Amino acid sequence: MGGYYKQMQLFFQISASRIRIAGMLLACIVSVAAIPAFGQATVQRVDVRVTFDDGAPHPLIAERLQAAAQSVLDRLLMGRPLDQLQTLQPRLQETVAAVLDRVATGYAVSGTLAQLGVTSSVTLSLRWVGPVMRDATVRPDLTIIHPRIRPLAESALQARAGEIRALITNLPIAALEWAEPIVAGRAREIVEGALPGFSTAVRTSAGASATVELILNVRDSRIIRNIGVRFRSTSIPTLLLEQNAPQVISMAEPLRGLPVAFAEAQRAALARLISEDLAGSPPVRQYRIVTTVGLDVGETTYVNVAADSLLYRGRVEAHLNVGPRAPNPVLVAHLGRLVHPSTELFVEMRLVPNTLAMDWDVGAQYQLSADAAIGMSYTVGAQSVAAWTIVRFGRDVSARGKWNLTREAFEGALTYRVNEFLAGEVVATSLGEVWLRLISNL
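Residues numbered from 1 in each chain as written. Predicted model: local features only at pLDDT ≥ 70, side-chain atom pairs only at ≥ 80, totals over all residues. Heavy atoms only, no water.

J.: Is there a simple way to think about the overall build of the chain in this case?
T.: Across its full length, the chain holds twelve helices and 21 strands. For 442 residues, the compact-globule estimate of 2.2 N^0.38 gives 22 Å, and the C-alpha radius of gyration of the chain, at 44 Å, exceeds that figure by more than 25%. Taken over the C-alpha atoms alone, the chain extends approximately 165 × 65 × 35 Å along its principal axes. Looking at the chain as a whole, 38% of its 442 residues qualify as buried. Long-range pairs, those at least 24 residues apart, make up 49% of the contacts in the chain with a sequence separation of at least 6. Accessible surface, the chain: about 24300 Å² in total, of which carbon and sulfur atoms supply 58%. Of note, the chain has its 42 positive side-chain charges centred 6 Å away from the centre of its 38 negative side-chain charges. (Helix = DSSP H or I, 4+ residues; strand = E, 2+ residues; numbered from the N terminus. Rg over C-alpha atoms; globule rule 2.2 N^0.38 Å. Buried < 20%, exposed > 50% of the residue type's maximum accessible area, 1.4 Å probe, protein only. Contact = heavy atoms within 4.5 Å. Areas by Shrake-Rupley, 256 points an atom, 1.4 Å probe, with all protein chains shown as cover. Lys, Arg positive; Asp, Glu negative; His and termini not counted. Charge placed at Lys NZ, Arg CZ, Asp CG, Glu CD.)

J.: I keep staring at the packing of aromatic side chains and nothing clicks. Help me out?
T.: To describe a pair of aromatic rings, you give the distance between the ring centres and the angle between the ring planes. If you walk through the whole model with that rule in mind, you get four aromatic pairs. Where Phe 52 meets Tyr 107, the ring centres are 6.0 Å apart and the plane angle is 65°; that geometry is what we call edge-to-face. Placement of the pair is Phe 52 in strand β1 (residues 45-52) and Tyr 107 in strand β2 (residues 107-115), with a sequence separation of 55 residues. The class for Tyr 107 is buried, based on a relative accessible area of 4%. Seen in terms of ring centroids, Trp 403 and Phe 410 are 5.2 Å apart; in terms of plane orientation they differ by 50°. Their pairing is tilted. Exposure remark for Trp 403: the relative accessible area of 41% places this residue in the partly exposed category. Lying over the aromatic face of Tyr 302, Arg 230 brings its terminal NZ or CZ to 3.8 Å of the ring centre. (Phe/Tyr/Trp six-rings, centres within 6.5 Å; stacked < 30°, edge-to-face > 60°. Lys NZ or Arg CZ within 6 Å of the ring centre and 35° of its normal.)

J.: Could you clarify how one ought to interpret the sheet that holds strand β11 (residues 300-309) in this entry?
T.: By definition, the strands of a sheet pair up through backbone hydrogen bonds, in either a parallel or an antiparallel sense. Here three strands make up an open sheet; going across it, the order is β9-β11-β10 and the pairing mixed. The open sheet is flanked by β9 (226-232) and β10 (289-296), the only strands paired with a single partner. Averaged over all neighbouring strand pairs, the angle between strand axes comes to 20°, with direction disregarded. Direction of pairing for β10 relative to β11: antiparallel, over a ladder of eight bridges. Bridge pairing in β11 links Gly 294 to Asn 304. Sheet strands in contact with helix α11 (residues 267-279) are β10 and β11, and its direction is about 150° off that of β10. (Pairing = 2+ DSSP bridges. Axes fitted to C-alpha atoms, helices over the stretch in contact; angles between N-to-C directions.)

J.: Sorry, what's going on with unusual backbone geometry here?
T.: When glycine is set aside, most residues are seen to have a negative phi, and most peptide bonds are trans. One non-glycine residue with positive phi stands out, namely Leu 356, at about 60°. Tracing the backbone through its elements, the reader meets Leu 356 in the loop between β14 (343-352) and β15 (357-369). Positive phi is not limited to glycine here, since Glu 408 has a value of about 55°. Mapped onto the fold, Glu 408 is located in the loop between β18 (397-404) and β19 (409-417). On the basis of relative accessibility, which here comes to 71%, the residue Glu 408 falls in the exposed class.

J.: Mind showing me how you'd approach the pairing of β14 here?
T.: The two faces of the sheet receive side chains in turn, since in a regular strand these alternate between them. Pairing between strand β13 (residues 330-340) and β14: nine bridges, direction antiparallel. If you follow Val 332 over to β14, its bridge partner there is Arg 350. Between β13 and β14, which pair antiparallel in sequence order, lie two residues. For β14 and β15, the ladder comprises ten bridges, and the chain directions are antiparallel. Among the inter-strand pairings, Phe 346 is bridged to a residue of β15, identified as Gly 363. The antiparallel hairpin formed by β14 and β15 contains four residues in its connecting segment, where Leu 356 sits at a positive phi of about 60°.

J.: Which parts of the structure should I look at to understand the environment of Leu 320?
T.: By the secondary structure assignment, Leu 320 is in strand β12 (residues 312-322). In this structure, the C-alpha to C-alpha distance between Leu 320 and Glu 420, residues 100 residues apart in sequence, is 17 Å.

J.: What's the story with the confidence of the model for the chain in this structure? I'm lost.
T.: A low pLDDT means the predicted coordinates there should not be read in detail. On average, the chain scores 85 in pLDDT, and the residues at 70 or more come to 91%. Element-level mean pLDDT values for the chain span from 36 in helix α1 (residues 2-33) up to 95 in helix α10 (residues 260-265). Throughout residues 1-39 the model reports pLDDT below 50, and contacts reaching past four residues in sequence, or to other chains, amount to two contacts. (pLDDT = per-residue confidence, 0-100.)

J.: How should the sheet that holds β2 be read in this particular structure?
T.: A sheet is described by the order of its strands in space; here three strands give the open sequence β1-β3-β2, paired in mixed fashion. Single-partner strands in this sheet number two, and they are β1 and β2. When strand polarity is set aside, the average angle formed by the axes of neighbouring strands in this sheet is 25°. Of the strands in this sheet, β2 and β3 (119-128) are in contact with helix α4 (residues 92-103), which crosses β2 at around 145°.

J.: What exactly am I supposed to notice about the environment of Ile 144 here?
T.: Relative to the assigned elements, Ile 144 resides in the loop between β5 (135-141) and α5 (150-158). C-alpha separation for the pair Ile 144 and Arg 407, spaced 263 residues apart in sequence, amounts to 69 Å. Not counting the four nearest positions on each side in its chain, Ile 144 is found in contact with Phe 198, Leu 216, Asn 217 and Val 218.

J.: Whenever I open this one, the nonpolar core confuses me. Can you help?
T.: Generally speaking, soluble globular proteins have nonpolar side chains that are buried together. Counting 90 residues, the largest nonpolar core has Leu 77 and Leu 195 as the members making the most contacts within it. Apart from residues lying up to four places away in sequence, Leu 77 is in contact with Val 43, Val 46, Leu 85, Leu 88, Leu 92, Leu 116, Ser 120 and Val 122. (Core = buried A, V, L, I, M, F, W, Y, C linked by side-chain atoms within 4.5 Å.)

J.: Looking at this structure, I do not really get a nonpolar patch on the surface. What am I missing?
T.: Taken together, Leu 320, Val 322, Tyr 416, Val 418, Phe 421, Leu 422, Val 426, Val 434, Leu 436 and Leu 438 make up a surface patch of nonpolar side chains, about 850 Å² in accessible area. Broken down by secondary-structure element, the contributors of at least two residues to the nonpolar patch are β12, β20 (422-429) and β21 (434-441). For the nonpolar patch, the leading source of residues is β21, giving three residues. With respect to the helices, strands and loops of the structure, Val 418 is situated in the loop between β19 and β20. Residue classification places Val 418 among the exposed positions, given a relative accessible area of 51%. (Patch = residues over 30% accessible without salt bridge, like charges linked within 9 Å, V, L, I, M, F, W, Y side chains within 5 Å. Salt bridge = Lys/Arg side-chain N within 4 Å of Asp/Glu carboxyl O.)

J.: Would you mind going over the packing of helix α2 (residues 59-77) against α4 with me for this structure?
T.: Each pair of packed helices can be summarised by the angle the axes make with each other and by the distance between the axes. Put simply, α2 and α4 touch, their axes get as near as 10 Å, and they point 135° apart. Classified by the angle their axes make, α2 and α4 are oblique. Between α2 and α4 lies a crossing of right-handed hand. Along the contact surface, α2 presents Ala 68, Ala 69, Val 72, Leu 73, Arg 75, Leu 76 and Leu 77, while α4 presents Leu 92, Thr 95, Val 96, Val 99, Leu 100 and Val 103. Across the contact of α2 with α4, the residue classes break down as eleven nonpolar, one polar and one charged. (Parallel < 35°, antiparallel > 145°, perpendicular 65-115°, else oblique. Left-handed = near helix turned anticlockwise from the far one by under 90°. Nonpolar A, V, L, I, M, F, W, Y, C, P; charged D, E, K, R; others polar.)

Structure representation (structure tokens):
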């Protein structure tokens, strides 16, 4: 009997173990049934294409709608077993529409064409919902810019206004709820490209004819804070020109406060504005002065004015001669009158400060070309006659030759102009004299 009981006990122990193993296997089968069977194909990629039943919106808006549809379909299809897609396909359009209606207001799904597989392809057709903005007016607020400069900014913006209008053309009014940041961001980029140094706040008012208001503001910290003037002339003494510096600064006052980047981009146009103002001033008209204006743009901006008279030629120079046999320093004042566009009659006075000796020349000059001239002069005190020629090699270098017909002597000089106020000459004569001359333009 003892052996019988031991056999029965062993039997029940084996049976209990088998039941536990079977239970574990059943649990595994149930859990595995909830996931794709090993080797079963799933959706690995979803290609989405969005089309529009009505007019297509701006590409940036279409791109956002495309991204929203891609996100919805990725969450819906990616990783799904292919054998489950047959039950999903009839409800695909309804499911996508329900989600897009919440994230892309103003549009509704009007149709779906799907080819489901490992690589699934879905085409969504969208239609407008509610009233649509057919056109837009761009209204820039440029009160931050001086009225004299404002037309330049308006012209630059007008050239790109079509790009801003296109942002909301064919856009449902309801879509502004999510599309306005896109419109504002792109409009800001357009303004910053058209008007360097500036940015804008964007306000959009919806309607059949919408309005995009651009409120300009300064973006860069580098602005024009100070204005200076530099004069250059071959026919008017600098002392006379400098007296007009306050007037020129007043004409350039609209530049103050402009971003340096904007002024650099509009350099030529800004120079023309100042040149037009100069051309209308009484001294310029009275003495028939031709002015050319250039700008050196920076936080301190310089207005470079080249002024020459069509009637008169005048200059005042200080000559400092350096060398063992160099003549005394001398002050030279030249006044000429054009009797013909190429012919000048002049009087020239020379004063030696050391001895207060003074001499006079009278003469004539003929301009052969823009870079060459010839002339003759008579020195009253010395009673001598001289002929001379000047040839320029660019703006800063020139050569001069003078023949004293009475003394039968020759003087030659090579000149280099350092700036508008200072030049240096190397002078040599047929008598063996060589010296350096510094010329200060007064």
